[in-house]
Amino acid sequence: MFSLVVQMEVRPGRREQFLAGMSANAEASVRDEPGCLRFDVCSVADDPDRFVLYELYTDAEAFAAHKASPHFARWRAIAEQVLAGQVNTPGELLVTHASEESA
């Protein structure tokens, strides 16, 4: 499985706009893309303008389909306005453990 960890820094005063746009992107990704298995948006402690995303796809092709989706294009338009920085770290899921509560 293809995994992606994204670190994002939001411009001051743009947090709510970021959260609205990213929430819509994450929801549509899981709902509309069969290859998107997980899309988590996490805050960073003690810094309201920093976030970490964890995304999981069946394979790299599913991630490519994600980047070609209409909801991703809408997110990119918002990102241009709200992001101060972004670091993507692609990888491969090797081991996973989850409680029943997290499913």
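Before reading on, note that the structure itself is shown above.
Please read these numbers as outputs of a predicted model, since none were measured by experiment.

Participant: Let's hear about the pattern of salt bridges: which residues, and what values?
Facilitator: Oppositely charged side chains can pair when the atoms bearing their charge come close. Considering all chains together, one arrives at three salt bridges under this definition. In this structure, Glu 27 engages Arg 31 in a salt bridge whose closest nitrogen and oxygen atoms are separated by 3.6 Å. With a gap of four residues between them, Glu 27 and Arg 31 both fall in helix α1 (residues 15–32), about one helical turn apart. Each member of the pair, Glu 27 as well as Arg 31, is classed as exposed. Residues Arg 38 and Asp 40 are paired through a salt bridge, measuring 2.5 Å at the closest nitrogen-oxygen approach. Classification of Arg 38 by relative accessible area gives partly exposed; the value is 35%. Asp 40 gets classed as partly exposed once you look at its relative accessible area, which sits at 25%. A cluster of three or more residues bridged by salt bridges with shared partners is formed by Glu 27, Arg 31 and Asp 32.

Participant: Lay out the side chain of Glu 33 with the relevant residues and their values.
Facilitator: Topologically, Glu 33 is positioned in the loop between α1 and β2 (36–44). Buried charge without a salt bridge: Glu 33, with Arg 31 as the nearest opposite-charge side chain at an N-O distance of 9.1 Å. Beyond its immediate chain neighbours, meaning those up to four positions away, Glu 33 contacts Ala 28, Tyr 57, Ala 62, His 66, Ser 69 and His 71.

So, how was this worked out
- Residues numbered from 1 in each chain as written.
- Predicted model: local features only at pLDDT ≥ 70, side-chain atom pairs only at ≥ 80, totals over all residues.
- Heavy atoms only, no water.
- Salt bridge = Lys/Arg side-chain N within 4 Å of Asp/Glu carboxyl O.
- Helix = DSSP H or I, 4+ residues; strand = E, 2+ residues; numbered from the N terminus.
- Buried < 20%, exposed > 50% of the residue type's maximum accessible area, 1.4 Å probe, protein only.
- Lys, Arg positive; Asp, Glu negative; His and termini not counted.
- Contact = heavy atoms within 4.5 Å.

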